[in-house]
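Residues per chain are reported as follows:
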Amino acid sequence: MAGPGVKSSYWRGLRDGLPFLLVIVPFATLFGVLASDAGLNAAEALAFSVAVIAGAAQFTALQLMQDHAPLVVVLASSLAVNLRMAMYSASLTPHLGHLPLWKRGIAAYFLIDQSYALGIIKFEKDRELSQAERFAYFIGTVSGICPFWYIFTVVGALVGSNIPMNTGLDFAMPIAFIALVGPGLRTGAHMSAAFVASASALLFAFLPYNLGLLVAAVLGMAAGAEVERRWGAPA
């Protein structure tokens, strides 16, 4: 039976994650609307969200599919968008890597931008937390987010074209990422990677099938790695 520390960690994670609903609800609704416009029914849109559970990759794949892009481009673009998850995983390994395999599997599935941002801050701040308390906090962060991601995907798919696209729902995606990325830009490497990736995305926007995003991702990571290498190099 879970001890008081585990329960407290879970509820703390739940409370910390709830403010993200302000962007998750319109974000998920917009995806459902776009999925409906692309010809998916509510069940298919829900299956998409449950299987992928990565908003940016879902939007990328959906747009490319609508543009009739080659399958390899769809997969490569979605993978590039989600490469950050590999970095998230590596960053969380010291904190959650000693959990049993089944718990690591659950954590891997629910590793999203919000759970990572909240989790890494909590774990680095409260290093005395036990493994069970860390896992409980992590699960708490997604307990109030992911169900609403699924629910409002269905809502968006059901209402479909009844929601005009000029309602401003698309504000949710950039706002969500600004809120997540902004506080994390703590070093020169972080800021360099963000600046180069942003500038490159604009510079290469002319490339078809959103391939400019792939180029921008590679250049941003290269810039961040180079700045970090030089920053850490001995004088």
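Above: the structure in question.
These lines cover the structure that appears in this document, whether it is placed above or below. (Residues numbered from 1 in each chain as written. Predicted model: local features only at pLDDT ≥ 70, side-chain atom pairs only at ≥ 80, totals over all residues. Heavy atoms only, no water.)

**Thoughts on the pattern of salt bridges**
Considering all chains together, one arrives at two salt bridges under this definition. The closest approach of N and O atoms between K122 and D126, which form a salt bridge, is 2.8 Å. (Salt bridge = Lys/Arg side-chain N within 4 Å of Asp/Glu carboxyl O.)

**A word on the layout of surface pockets**
Reported here for the second largest pocket is a volume of approximately 200 Å³. S89, L92, T93, L96, G97, R104, A107, A108, L111 and F138 together form the lining of the second largest pocket. Among the secondary structure elements, those contributing two or more residues to the lining of the second largest pocket are α6 (84-96) and α7 (101-109). Ranked by residue count, the leading element in the lining of the second largest pocket is α6, at four residues. Split into classes, the residues belonging to the lining of the second largest pocket amount to six nonpolar, three polar and one charged. (1 Å grid on protein atoms, 1.4 Å probe; cavity = no way out; pocket = protein on both sides within 12 Å on 5 of 7 lines; lining within 4 Å. Points joined across faces, edges and corners; volume = space filled by probe spheres on them. Helix = DSSP H or I, 4+ residues; strand = E, 2+ residues; numbered from the N terminus. Nonpolar A, V, L, I, M, F, W, Y, C, P; charged D, E, K, R; others polar.)

**Concerning the side chain of S200**
Inspection of the secondary structure puts S200 in helix α12 (residues 188-203). Judged by its relative accessible area of 6%, S200 is buried. Sequence-distant contacts of S200, defined by excluding residues within four places in its chain, comprise A216 and L219. (Buried < 20%, exposed > 50% of the residue type's maximum accessible area, 1.4 Å probe, protein only. Contact = heavy atoms within 4.5 Å.)

**As for a nonpolar patch on the surface**
On the surface, L79, L83, M87, V218 and M221 cluster together into a nonpolar patch covering about 460 Å² of accessible area. Take V218: it is sitting in helix α13 (residues 211-232). V218 gets classed as exposed once you look at its relative accessible area, which sits at 52%. (Patch = residues over 30% accessible without salt bridge, like charges linked within 9 Å, V, L, I, M, F, W, Y side chains within 5 Å. Areas by Shrake-Rupley, 256 points an atom, 1.4 Å probe, with all protein chains shown as cover.)

**Some points on unusual backbone geometry**
Backbone geometry places I53, a non-glycine residue, at a positive phi of 40°. If you trace the backbone, I53 turns up in the loop between α3 (42-52) and α4 (55-66). With a relative accessible area of 6%, I53 lands in the buried category.

**Section: the packing of aromatic side chains**
What the rule picks out here adds up to twelve aromatic pairs. Taking the centre distance of 5.4 Å and the plane angle of 85° together, the rings of F31 and F48 count as edge-to-face. In this pair, F31 is assigned in helix α2 (residues 21-37) and F48 in helix α3, connecting sequence segments 17 residues apart. Of the two residues, F31 and F48, both sit in the buried class. A ring pair is formed by F123 and Y137, whose centres lie 6.2 Å apart and whose planes are at 70°; its orientation type is edge-to-face. On the criterion of sequence distance, the pair formed by F123 in helix α8 (residues 113-125) and Y137 in helix α9 (residues 131-143) is long-range, its members being 14 residues apart. Taken together through their ring pairs, the aromatic side chains of F27, F31, F48, F59 and W149 make up a single cluster. (Phe/Tyr/Trp six-rings, centres within 6.5 Å; stacked < 30°, edge-to-face > 60°.)

**Observations regarding α3**
Within α3, the full set of buried residues consists of A42, A45, F48 and S49. For α3, the angular spread of buried residues about the axis comes to 125°, placing them on one side. Relative to its buried face, α3 has exposed residues pointing more than 90 degrees away, namely A43 and A51. For α3, the N-terminal cap is N41; the gap from its side-chain oxygen to the backbone nitrogen of A43 is 3.1 Å. At the C-terminal side of α3, I53 shows a positive phi close to 40°. (Arc of directions from axis to C-beta. Polar contact = N/O pair within 3.5 Å; in protein donor to acceptor, adjacent residues only side chain to side chain.)

Function cannot be inferred from these measures alone, as they are strictly geometric.
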